[in-house]
Amino acid sequence: MPHTDRHTKKQSSGNSILEISGLSVFKKHSKSTSPTYLVENVDFQVHSNELVAVVGESGCGKSLSMLSLIGLLPKGINSSWSRYSFLGKPFDKVSIESLRGSQIGFSFQEPMVALNPLFTVGYQLKEHLIIHKQLSSSEARKRILSLLDELQINDPAKRFDQYPHELSGGMRQRVMLALALVCEPKLLIADEPTTALDVTVQAEILDLLLEIKSRRGLGILFVTHDLALVRQIADKVVVMYAGSIVEAGHTSQIFSQPKHPYTKGLISASPQVGKKVERLSSIPGTIRDPEDKSSGCKFYGRCFMETAQCNSESPILKGEVNHQYRCLHV
């Protein structure tokens, strides 16, 4: 696991890469039935040389939110937003497809699912460059070998001609990052990029990501459930619960002064280096079903601060620009 002193966080340069407001993801039903919202009215903002971690338990809408940013939602799932701006230019649901691959790179959670087992690593990487950058085959190969070397993949020429199943888990994850970065995008979306990797390989990959972020001025949206990791690598944190943002702010503020009971619960349930505890705490209950359209706070029934008011009144996001939270009692 990487340590804080190895990852000195830098302030972003201030250049906005992505701004999206009012993002919602939903399933449509019959005309007489209102849609089921899986993600509702969330905002994301990422600057150059900035890593924004999106955290929360499974089913909270993290991955769906990220897929909606590049127009890759599953069939039957739709999205909408009030504003989508990339490098200061507005985009709609049709035009965001032009960003996918070229300006926004996406590293998927499962390399063996995302990589095509029938084609070599080199073929899959080269295809990206030929489609998006119109490079010749020889020019594409040269750039790919340089990138594989940058990602510390040993013997790049050999790996270029290998199939995904011939690589180790760490190598496959590096290839996934290569696919996301080969067209030199301005924004990288990394969905659980270190899942199922041992801690040594995980640390190596995270080191690489942070070095590339700094060198290229890359913005990163980093999806994870690992708060110990977030504390060490993220500049900002967005905490999601049941399809909504419940807290967002600078990493130091989120961990030193968490406001929302859910954020406090996540931090308490996460082990910390150098802090000895007999037993980690847990959050009781389960996340609310998206089909449950009852009023009130979505965290009601699991919260140690709840009152009768929480069961009838829906909280709004409040606080300062750099630290917002959604709770009636904070």
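Participant: Help me understand the overall build of the protein, please; the structure alone is not making it clear to me.
Facilitator: A tally of regular secondary structure across the protein gives 10 helices and 13 strands. Computed over the C-alpha atoms, the radius of gyration of the protein is 20 Å, within 12% of the 20 Å expected from 2.2 N^0.38 for a compact globule of 330 residues. The principal-axis extents of the C-alpha atoms in the protein amount to approximately 65 × 55 × 35 Å. Considering only intrachain contacts with a sequence separation of at least 6, the fraction spanning at least 24 residues in the protein is 65%. A total accessible area of about 16,000 Å² is found for the protein, and carbon and sulfur atoms account for 50% of it. Side-chain charges in the protein split into 38 positive and 33 negative, and the spacing between the mean points of these groups amounts to 2 Å.

Participant: Would you mind going over the side chain of His 260 with me for this structure?
Facilitator: Relative to the assigned elements, His 260 resides in the loop between helix H9 (251–256) and helix H10 (261–268). Engagement of the side chain of His 260 in a polar contact is seen with the backbone oxygen of Arg 326, the distance being 2.9 Å. Excluding residues that lie within four positions of it along the chain, His 260 makes contacts with Val 246, Glu 247, Phe 299, Arg 326 and Cys 327.

Participant: Please clarify how the pairing of strand E8 (residues 187–191) should be interpreted in this entry.
Facilitator: The two faces of a sheet get side chains in turn, since along a regular strand they alternate between them. With respect to burial, E8 is a largely interior element, 5 of its 5 residues being buried. Residues Leu 187, Ile 189 and Asp 191 line one face of E8 and the alternating positions Leu 188 and Ala 190 line the opposite face, and both faces are buried. The pairing of strand E7 (residues 104–107) with E8 spans 4 bridges and is parallel. Note on E8: the bridge partner recorded for Ile 104 is Leu 187. Alignment of E8 against strand E9 (residues 219–224), held across 5 bridges, turns out to be parallel. Opposite Asp 191, over in E9, you have Val 223 as the bridge partner. A crossover links E8 with its parallel partner E9, the connecting element being helix H7 (residues 199–216), and its sense is right-handed.

Participant: Honestly, the pattern of salt bridges in this entry has me stumped. Any pointers?
Facilitator: It is possible for side chains of opposite charge to pair when their charged atoms get near one another. Applying the stated criterion across every chain yields a total of 11 salt bridges. Close ionic contact of Glu 291 with Lys 27 constitutes a salt bridge, the shortest N to O distance being 3.9 Å. Placement of the pair is Glu 291 in the loop between H10 and strand E12 (318–320) and Lys 27 in strand E1 (residues 16–27), with a sequence separation of 264 residues. Exposure remark for Glu 291: the relative accessible area of 38% places this residue in the partly exposed category. We classify Lys 27 as partly exposed; its relative accessible area is 30%. We note a salt bridge from Lys 298 to Glu 40, for which the minimum N-O separation is 3.8 Å. Of this pair, Lys 298 sits in the loop between H10 and E12 while Glu 40 sits in strand E2 (residues 36–47), placing them 258 residues apart in sequence. Each of Lys 27, Glu 291 and Lys 293 takes part in one network of salt bridges that share partners.

Participant: Got a minute to help me understand unusual backbone geometry in this structure?
Facilitator: Phi is mostly negative for residues that are not glycine, and the peptide bonds are mostly trans. You will see that Asn 41, though not glycine, has its phi angle at about 55°, which is positive. One can find Asn 41 in strand E2. You will see that Ala 242, though not glycine, has its phi angle at about 50°, which is positive. Position of Ala 242 relative to the elements: it lies in the loop between strand E10 (236–241) and strand E11 (244–250). Judged by relative accessible area, Ala 242 falls into the buried class, the value being 11%.

Participant: What is the right way to look at the packing of aromatic side chains in this model?
Facilitator: Where two aromatic rings form a pair, the distance of their centres and the angle of their planes describe that pair. This model, assessed by the stated rule, comprises 8 aromatic pairs. Consider the rings of Phe 26 and Tyr 37, whose centres lie 5.5 Å apart with planes at 50°: the pair is tilted. Taken together, the residues span a long stretch of sequence, with Phe 26 in strand E1 and Tyr 37 in strand E2 at a distance of 11 residues. You can call Phe 26 buried: its relative accessible area is 9%. Ring geometry for Trp 81 against Tyr 84: centres 5.1 Å apart, planes inclined by 50°, an arrangement best described as tilted. Both residues of the pair, Trp 81 and Tyr 84, belong to the buried class. Following the ring pairs from residue to residue traces out a cluster consisting of Trp 81, Tyr 84 and Phe 91. Lying across the ring of Phe 160, Arg 141 places its NZ or CZ 4.5 Å from the centre.

What counts as what
- Residues numbered from 1 in each chain as written.
- Predicted model: local features only at pLDDT ≥ 70, side-chain atom pairs only at ≥ 80, totals over all residues.
- Heavy atoms only, no water.
- Helix = DSSP H or I, 4+ residues; strand = E, 2+ residues; numbered from the N terminus.
- Rg over C-alpha atoms; globule rule 2.2 N^0.38 Å.
- Contact = heavy atoms within 4.5 Å.
- Areas by Shrake-Rupley, 256 points an atom, 1.4 Å probe, with all protein chains shown as cover.
- Lys, Arg positive; Asp, Glu negative; His and termini not counted.
- Charge placed at Lys NZ, Arg CZ, Asp CG, Glu CD.
- Polar contact = N/O pair within 3.5 Å; in protein donor to acceptor, adjacent residues only side chain to side chain.
- Buried < 20%, exposed > 50% of the residue type's maximum accessible area, 1.4 Å probe, protein only.
- Pairing = 2+ DSSP bridges.
- Right-handed = clockwise from strand over helix to strand, strands pointing away.
- Salt bridge = Lys/Arg side-chain N within 4 Å of Asp/Glu carboxyl O.
- Phe/Tyr/Trp six-rings, centres within 6.5 Å; stacked < 30°, edge-to-face > 60°.
- Lys NZ or Arg CZ within 6 Å of the ring centre and 35° of its normal.

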